[in-house]
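Below are the chains, spelled out letter by letter.
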Amino acid sequence: MSPDEQLPPATHDTPVLVVGAGPVGLAAALALRALGIPVTVLEARPRDAQRPGSRALYVHRSSLRLLEQAHPGLGREMADFGTVWHARRTLYRGREVYARTYPPASGTGLPPFTSLRQIDTERFLRDAAESAGARIEWDAEVRAVAASSKAVQVTAADGRQWTAQYVVAADGARSAVRRCAGIELGGSRAEGFHVVIDVANGPQVRPAIRELHYAHPRAGGRHVLTVPFTGGFQIDLQCKEDDPVEKFTDRDVLQRWLPRMIGCREAIGDLMWVSRYRFLQVLADRFTDGTGRVLLAGEAAHLFPPFGARGMNSGIADADAAATAIALALSAVSAERGRAAVEAYARDRRAAAVDNSAAVGAALSHLRPAGKLAQAKIETAGRLAPWVPRLGEWLERAPYGPRTTHRRRSGPGY
Ligand SMILES: Cc1cc2nc3c(=O)[nH]c(=O)nc-3n(C[C@H](O)[C@H](O)[C@H](O)COP(=O)(O)OP(=O)(O)OC[C@H]3O[C@@H](n4cnc5c(N)ncnc54)[C@H](O)[C@@H]3O)c2cc1C
């Protein structure tokens, strides 16, 4: 045994640890720094490892606002980098049933949304968090978490240890922190699977239009959603349970088949990502542990299918609320008051997640109708929409779920 191995692992004390440098962990670190609280982020990946898969594109104005408040200029910078499309179309069996174009936003306010790849969002957040003084420890995979009423001790796979007063668990769907805290997840898995393809583009390939096809005739009657983002566009193909996965994920097959399906002006260029997803709709039983020292945020606490873009957006709202609760708890005059701030966080954000889950559930049952009646309703709307515009509007909006507002907030909130 070397002399180093005989030593106990180093312990680093910090008021707050955030586990996970995904978008939610980084947003939490930014919100904590904005409140003057020192924070260390522990991330399992090496600094420059690119994350696989295609994920969030759509960032709502409410998230841009929160990020702008936490780090002035950040929301604006992301909005300027992202794509705001000015046209939306919905088609049923190849026939247009809804179309809108919007004039480009005037003024200097934040746009209603912006569309950029999640890796770009994470790059903006990471640069901002580091410049705001958040410390990020890469290669720090958390394996063990032991919380008491006074502190939390966190141990990484390589034996390093940290002690903090509070921990934000933002370590995603398979959260080790949630597992160590003994918090269960409950919910269901959506039927079938989706193939999500990111295609590198220039406007020469496709204009920046968001297009939703119900029963696309050139996709064997499957639903297809095409969403622009800066540098390309994403195709979401809703597959059937018994579809052969290989056929829809093989790059050579896709190169031949996609241009015709999406009406590209030129041959499709680089396929940046091809991923297959089965979507889960699950919630953690509680958003804090029994000691009130561990707060769950983002996908460590809830998983939604992406319709309505509620996953990362509601995670950013969690991050902001967790930072506020921790600031209140750190300055509380008594342990009870501190605990109450964390409990309020857990209650409030779980209620928001329940609302989001219900909204996504409505979107899912629209896109994958279970019964003949629901299916017939869509078919009838599709046929009549050219004469009854409100039916086209319904077909356009229903796949995103109702625009619920979280009951404790005014305006759209996630
Ligand atoms: C196809 C698709 C499209 C989507 N579109 C949208 C959209 O348009 N808008 C939207 O709002 N959401 C969308 N989402 C959801 C969004 O991608 C997620 O909600 C978001 O990634 C969750 O962020 P997170 O930080 O909670 O978790 P993650 O992004 O999973 O990040 C967790 C981080 O923790 C790290 N980690 C894990 N375990 C440990 C450990 N033990 N120790 C240390 N670090 C650890 C991971 O390496 C990772 O960096 C989409 C998802 C999919 C799949």
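Treat the numbers as computed from the prediction; the structure is a model and nothing was measured.

## Quick notes on the site of the ligand
- Taken together, the neighbourhood of the ligand is formed by 33 residues, with E43, R45, Q118, M312 and N313 sitting nearest.
- Here V24 contributes a backbone N or O atom positioned 3.1 Å from an oxygen atom of the ligand.
- Between the ligand and N313 there is a distance of 2.9 Å, counted from an oxygen atom to a backbone nitrogen or oxygen.
- If the ligand stood free it would expose 1,000 Å²; the protein chains cover 90% of that surface.

## Looking at the side chain of R117
- Its location among the elements puts R117 in the loop between β6 (113–115) and α5 (118–131).
- With near-sequence residues (within four places) excluded, R117 lies in contact with A56, L57, D198, F229, M272 and W273.

## What about helix α12 (residues 389–397)?
- Those residues of α12 that sit buried are L391, G392, L395 and E396. Within α12, the buried residues cover an arc of 145 degrees as seen down the axis, which keeps them to one side.

## Some thoughts on the pattern of salt bridges
- With the rule as written, the count across this model stands at 20 salt bridges.
- Across the salt bridge formed by E122 and R51, the nearest N and O atoms sit 2.7 Å from each other. Remark: R51 occurs in the loop between β2 (39–42) and β3 (58–60) and E122 occurs in helix α5; sequence separation between them is 71 residues.
- Three or more residues joined by partner-sharing salt bridges are found here, namely R135, E137, D158 and R160.

## Structural notes on the packing of aromatic side chains
- Considering all chains together, one arrives at eight aromatic pairs under this definition.
- Measuring from centroid to centroid gives 4.7 Å for Y58 and F113, while their planes differ by 15 degrees, and the two rings are stacked. With Y58 in strand β3 and F113 in strand β6, this residue pair connects regions lying 55 residues apart in the sequence.
- Classification of F113 as buried rests on a relative accessible area of 8%.

## A few points about helix α8 (residues 251–262)
- Its 12 residues place the ends of α8 16 Å apart at the C-alpha level, agreeing with the 16 Å of an ideal helix rising 1.5 Å per residue.
- Along α8, the residues classified as buried are L254, W257, L258, P259, M261 and I262.
- For α8, the secondary structure elements touched by its buried residues are β12 (194–200), β13 (210–216), β14 (222–229), β15 (232–238), α7 (245–249) and β16 (271–277).
- Between a side-chain oxygen at the N-terminus of α8 and the backbone nitrogen of D252 the separation is 2.9 Å; the capping residue is D250.
- Following α8 by one or two positions, G263 adopts a phi angle in the positive range, close to 65 degrees.

Rules used in this analysis
- Residues numbered from 1 in each chain as written.
- Predicted model: local features only at pLDDT ≥ 70, side-chain atom pairs only at ≥ 80, totals over all residues.
- Heavy atoms only, no water.
- Near = heavy atom within 4 Å.
- Polar contact = N/O pair within 3.5 Å; in protein donor to acceptor, adjacent residues only side chain to side chain.
- Areas by Shrake-Rupley, 256 points an atom, 1.4 Å probe, with all protein chains shown as cover.
- Helix = DSSP H or I, 4+ residues; strand = E, 2+ residues; numbered from the N terminus.
- Contact = heavy atoms within 4.5 Å.
- Buried < 20%, exposed > 50% of the residue type's maximum accessible area, 1.4 Å probe, protein only.
- Arc of directions from axis to C-beta.
- Salt bridge = Lys/Arg side-chain N within 4 Å of Asp/Glu carboxyl O.
- Phe/Tyr/Trp six-rings, centres within 6.5 Å; stacked < 30°, edge-to-face > 60°.
- Expected span 1.5 Å × (residues − 1).

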